[in-house]
Amino acid sequence: MASKDTNAIKIEFATLKKAPGEDTCVILSGKDFSLSAVGHDFDEMSGGLVEKSAEAADFDGKAKTSMEILAPSGLDIGRLLVVGAGDYEKQSEKEWMLL
């Protein structure tokens, strides 16, 4: 009988409407801290906290970098993770997998 891995990571893609109440949400940032529409929604819902945090941390969205915001105000989540994806248009399929 195979054992069940209780430490398995569960990844779920959901709409912004489902995000509140979840423990961790992840959004991507492109180069020069360019956010997607959902990223901008999170920033707006948090009163600009995402952008302010990026400025304070000198986070620019460079590939393979990240920024963690714990218990972000205005969002009903425990943590928001912003992952730098670099230049979206220049990323190869393998580079996307390595993020």
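Conventions used here
- Residues numbered from 1 in each chain as written.
- Predicted model: local features only at pLDDT ≥ 70, side-chain atom pairs only at ≥ 80, totals over all residues.
- Heavy atoms only, no water.
- Pairing = 2+ DSSP bridges.
- Helix = DSSP H or I, 4+ residues; strand = E, 2+ residues; numbered from the N terminus.
- Contact = heavy atoms within 4.5 Å.
- Axes fitted to C-alpha atoms, helices over the stretch in contact; angles between N-to-C directions.
- pLDDT = per-residue confidence, 0-100.
- Buried < 20%, exposed > 50% of the residue type's maximum accessible area, 1.4 Å probe, protein only.
- Core = buried A, V, L, I, M, F, W, Y, C linked by side-chain atoms within 4.5 Å.
- Arc of directions from axis to C-beta.

Quick notes on the sheet that holds strand 3 (residues 66–70)
Ordered by their spatial adjacency, four strands build an open sheet running 2-1-4-3, and the pairing between neighbours is mixed. Two strands close off the open sheet at either side, each with one partner strand: strand 2 (34–35) and strand 3. Judged from the five bridges that link them, strand 3 and strand 4 (residues 79–86) form a sheet pairing that is antiparallel. Bridge pairing links isoleucine 69 to leucine 80 in strand 4. Packing against the sheet, helix 1 (residues 37–45) makes contact with strand 1 (24–30), strand 2 and strand 4, and its axis sits at approximately 120° to strand 1. Along the sheet, helix 2 (residues 49–56) makes contact with strand 1, strand 2, strand 3 and strand 4, crossing strand 3 at roughly 125°.

What to know about the pairing of strand 1
Pairing geometry for strand 1 and strand 4, over seven bridges, is parallel. Residue pairing across strands places cysteine 25 opposite leucine 80, the latter belonging to strand 4. Joining the antiparallel neighbours strand 1 and strand 2 is a turn of three residues, in which aspartate 32 adopts a positive phi near 55°.

A few points about the confidence of the model for the protein
When pLDDT is averaged across the protein, the result is 83; 77% of the residues are at 70 or more. Ranking the elements of the protein by mean pLDDT puts helix 3 (residues 93–98) last, at 75, and helix 2 first, at 96.

Considering unusual backbone geometry
Although it is not a glycine, aspartate 32 sits at a positive phi angle of roughly 55°. Assignment of secondary structure puts aspartate 32 in the loop between strand 1 and strand 2. In this structure aspartate 32 comes out as exposed when scored by relative accessible area, which is 66%. Positive phi is not limited to glycine here, since phenylalanine 33 has a value of about 55°. Relative to the helices and strands, phenylalanine 33 resides in the loop between strand 1 and strand 2.

Structural notes on the nonpolar core
If you look at the biggest cluster of nonpolar residues, it comprises 14 residues, and the most contacted ones within it are Ile27, Phe33, Phe42, Val50, Leu80 and Val82. Contributions of two or more residues to this core are made by strand 1, helix 2, strand 3 and strand 4. Contacts of isoleucine 27, omitting those with residues within four sequence positions, involve Leu35, Val38, Gly39, Phe42, Val50, Leu80, Leu81, Val82 and Val83.

Points about helix 1
In an α-helix there are 3.6 residues to a turn, and that puts residues three or four apart on one side. Taken as a whole, helix 1 has its buried residues at Gly39, Phe42 and Asp43. On an axial view of helix 1, the arc spanned by its buried residues comes to 100°, and they lie on one face. Facing away from the buried side of helix 1 by more than 90 degrees, the exposed set consists of Ala37 and Glu44. Where the residues of helix 1 are buried, they touch strand 1, strand 2, helix 2 and strand 4.

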